[in-house]
Amino acid sequence: MSLLEKPRIVITYCTQCHWLLRAGWMAQELLSTFGTDLGEVTLVPGTGGIFTITCNEVPIWERKRDGGFPDAAKLKQLVRDVIDPDRDLGHVDRTTHRKTDPA
C-alpha cells in the first residue's frame, strides 16, 4: 500500500482556545496506536472554537456536534471503525465493552 493509499487524519483545532496541545496529544495517541498504517496525521490551525477530526475526509468528531472532546480510547475506536473495522484494539475495546456490558 502506497503512502497515498493510507488513511489521512486531519485534526483542525482553535488557536484562540489554545487547543494545540490537545490536538498534538491526540495525534500522538493515533500515531502510537496505528503507526505505519496511517499515511499522515495533520494538524490544521483554525479559529472560532473549532475542533474537528476527519479520517479520509470522513468527519469522525466535531466538538460542537459531539459535545466536547473524545478521550483517547473513543478516538482510537472511531478511527479504527473507518480504516479497519475488524482490527482489535486490545484493552481499549475490552475496557469499553466492560463499561457498557456488565456481563
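Everything that follows concerns the structure shown earlier in this document.
Residues numbered from 1 in each chain as written. Predicted model: local features only at pLDDT ≥ 70, side-chain atom pairs only at ≥ 80, totals over all residues. Heavy atoms only, no water.

Novice: Whenever I open this one, the pairing of strand S1 (residues 8–14) confuses me. Can you help?
Specialist: Every regular strand shows the same layout, with side chains that alternate between the two sheet faces. The element S1 is largely enclosed, with a buried count of six among its seven residues. Judged from the seven bridges that link them, S1 and strand S2 (residues 40–46) form a sheet pairing that is parallel. Considered in S2, the bridge of isoleucine 9 is made with valine 41. Once you follow S1 into helix H1 (residues 20–34) and on to S2, the crossover reads as right-handed. Where S1 lies against strand S3 (residues 51–55), five bridges are found, and the strand directions are antiparallel. Within S3, the residue paired with isoleucine 9 across the bridge is cysteine 55. (Buried < 20%, exposed > 50% of the residue type's maximum accessible area, 1.4 Å probe, protein only. Helix = DSSP H or I, 4+ residues; strand = E, 2+ residues; numbered from the N terminus. Pairing = 2+ DSSP bridges. Right-handed = clockwise from strand over helix to strand, strands pointing away.)

Novice: It is not clear to me how the nonpolar core should be interpreted in this structure. Could you clarify?
Specialist: Among soluble globular proteins, nonpolar side chains are generally buried collectively. One finds Ile9, Ile11, Phe51 and Ile53 to be the most contacted residues of the largest nonpolar core, which totals 21 residues. For this core, the elements supplying multiple residues, two or more each, are S1, H1, S3, strand S4 (58–62) and helix H3 (72–83). The element that contributes the greatest number of residues to this core is H1, accounting for five residues. Excluding its chain neighbours within four sequence positions, the residues that come into contact with isoleucine 11 are Ala23, Met26, Ala27, Val41, Thr42, Leu43, Val44, Phe51, Thr52 and Ile53. (Core = buried A, V, L, I, M, F, W, Y, C linked by side-chain atoms within 4.5 Å. Contact = heavy atoms within 4.5 Å.)

Novice: Could you clarify how one ought to interpret H1 in this entry?
Specialist: In an α-helix, one turn spans 3.6 residues; hence positions three or four apart end up facing the same way. Its 15 residues give H1 an end-to-end C-alpha distance of 21 Å, which sits within 8% of 21 Å, the value for a rise of 1.5 Å per residue. Turning to H1, its buried residues are Ala23, Met26, Ala27, Leu30 and Phe34. With its buried residues spanning 100 degrees around the axis, H1 presents them on a single face. Across from the buried face of H1, at angles greater than 90 degrees, the exposed residues are Leu21 and Ser32. Looking at the buried positions of H1, the neighbouring elements they touch are S1, S2, S3 and H3. Among the residues trailing H1, glycine 35 stands out with phi positive, at a value near 45 degrees. (Expected span 1.5 Å × (residues − 1). Arc of directions from axis to C-beta.)

Novice: I tried to follow the packing of aromatic side chains on my own but got confused; where do I start?
Specialist: For the structure shown, the criterion picks out three aromatic pairs. Relative to phenylalanine 51, the ring of tryptophan 19 has its centre 6.2 Å away and its plane inclined at 80 degrees; by these criteria the two rings are edge-to-face. Here the residue tryptophan 19 occupies a position in the loop between S1 and H1, and phenylalanine 51 occupies one in strand S3, the gap between them amounting to 32 residues. Side by side, tryptophan 19 and phenylalanine 51 carry an identical accessibility label, which is buried. Note on tryptophan 19 and phenylalanine 69: the rings are 5.0 Å apart at their centroids and 80 degrees apart in plane angle, and the pair reads as edge-to-face. Remark: phenylalanine 69 occurs in the loop between helix H2 (63–66) and H3 and tryptophan 19 occurs in the loop between S1 and H1; sequence separation between them is 50 residues. When its relative accessible area of 14% is taken as the criterion, tryptophan 19 is described as buried. Site record: aromatic cluster; members linked through ring pairs are Trp19, Phe51 and Phe69. The positively charged end of arginine 22 is found above the aromatic ring belonging to phenylalanine 69, 3.7 Å away from the centroid. (Phe/Tyr/Trp six-rings, centres within 6.5 Å; stacked < 30°, edge-to-face > 60°. Lys NZ or Arg CZ within 6 Å of the ring centre and 35° of its normal.)

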